[in-house]
Amino acid sequence: MNLTSERKDQLIQACLYAQRLAYVPYSHFRVGAAVLAEDGQIYTGCNIENASFGATICAEHVAVVKAISTGNRKILALAVVTDADEYARPCGICRQVLSEFAADNFLTLALKPDASYVEKSLEDLLPDAFTPASLS
């Protein structure tokens, strides 16, 4: 997908802001995400930990759920950042959730904490994905 540099900057700033809101009393590993939905809105998410670790939810998952719960059914792009000194990578569950709602030509901006990024496609993130089309 071709996003304008302005839209990329908006996604990056939104995910950096969301990272600051992370609730991480156990791991202290903050993750922020922002998705661009088909209606042009940007939805943010942060990781939210829970004492029952299985109830923890990822930043990317939060952002996607927020978009879907407003009626959007396609995600055009994702920006994601972590505290690590490497480019952020969504976990396996988040990759699967993204594959359910990713638009054609979906784009991920995988950030480092300094806001530098690399661009990844859904195929880069999840090759040979099991998608809704796999059920037909």
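Reading the values: rules and limits
- Residues numbered from 1 in each chain as written.
- Predicted model: local features only at pLDDT ≥ 70, side-chain atom pairs only at ≥ 80, totals over all residues.
- Heavy atoms only, no water.
- Phe/Tyr/Trp six-rings, centres within 6.5 Å; stacked < 30°, edge-to-face > 60°.
- Helix = DSSP H or I, 4+ residues; strand = E, 2+ residues; numbered from the N terminus.
- Buried < 20%, exposed > 50% of the residue type's maximum accessible area, 1.4 Å probe, protein only.
- Lys NZ or Arg CZ within 6 Å of the ring centre and 35° of its normal.
- Axes fitted to C-alpha atoms, helices over the stretch in contact; angles between N-to-C directions.
- Parallel < 35°, antiparallel > 145°, perpendicular 65-115°, else oblique.
- Left-handed = near helix turned anticlockwise from the far one by under 90°.
- Contact = heavy atoms within 4.5 Å.
- Pairing = 2+ DSSP bridges.

Caption draft 1: Summary view of the packing of aromatic side chains. Across all of its chains, the model carries 1 aromatic pair by this definition. Taking 5.8 Å as the distance between ring centres and 75 degrees as the angle between the ring planes, the aromatic pair formed by tyrosine 26 and phenylalanine 53 counts as edge-to-face. One end of the pair, tyrosine 26, is in the loop between helix 1 (5-20) and strand 1 (31-37); the other, phenylalanine 53, is in the loop between strand 2 (42-46) and helix 2 (59-68), and 27 residues separate them in sequence. Among the residues examined, tyrosine 26 registers a relative accessible area of 41% and is labelled partly exposed. One residue, lysine 112, lies across the ring of tyrosine 87, its end atom 4.8 Å from the ring centre.

Caption draft 2: Inspection of the packing of helix 2 against helix 3 (residues 92-101) at higher detail. Viewed as axis vectors pointing N to C, helix 2 and helix 3 meet at an angle of 25 degrees, and their least axial separation amounts to 9 Å. Compared by their axis directions, helix 2 and helix 3 come out roughly parallel. Crossing hand, helix 2 versus helix 3: left-handed. Of the residues in helix 3, those touching helix 2 at Glu60, His61, Val64 and Ile68 are Ile93, Cys94, Val97, Leu98 and Phe101.

Caption draft 3: View of the sheet that holds strand 5 (residues 117-121). In space, the 5 strands of this open sheet follow the order 2-1-3-4-5, with mixed pairing throughout. With partners counted over all chains shown, the strands left at the sheet margins are strand 2 and strand 5, one partner each. For this sheet, the mean angle separating the axes of adjacent strands, direction not counted, is 20 degrees. Alignment of strand 4 (residues 102-111) against strand 5, held across 5 bridges, turns out to be antiparallel. When the bridges of strand 5 are listed, leucine 111 appears paired with tyrosine 117. Across the sheet, helix 2 touches strand 1, strand 2 and strand 3 (75-82), and the angle it forms with strand 2 is around 145 degrees. Packed on one face of the sheet, helix 3 meets strand 3 and strand 4 and runs near 145 degrees to strand 4.

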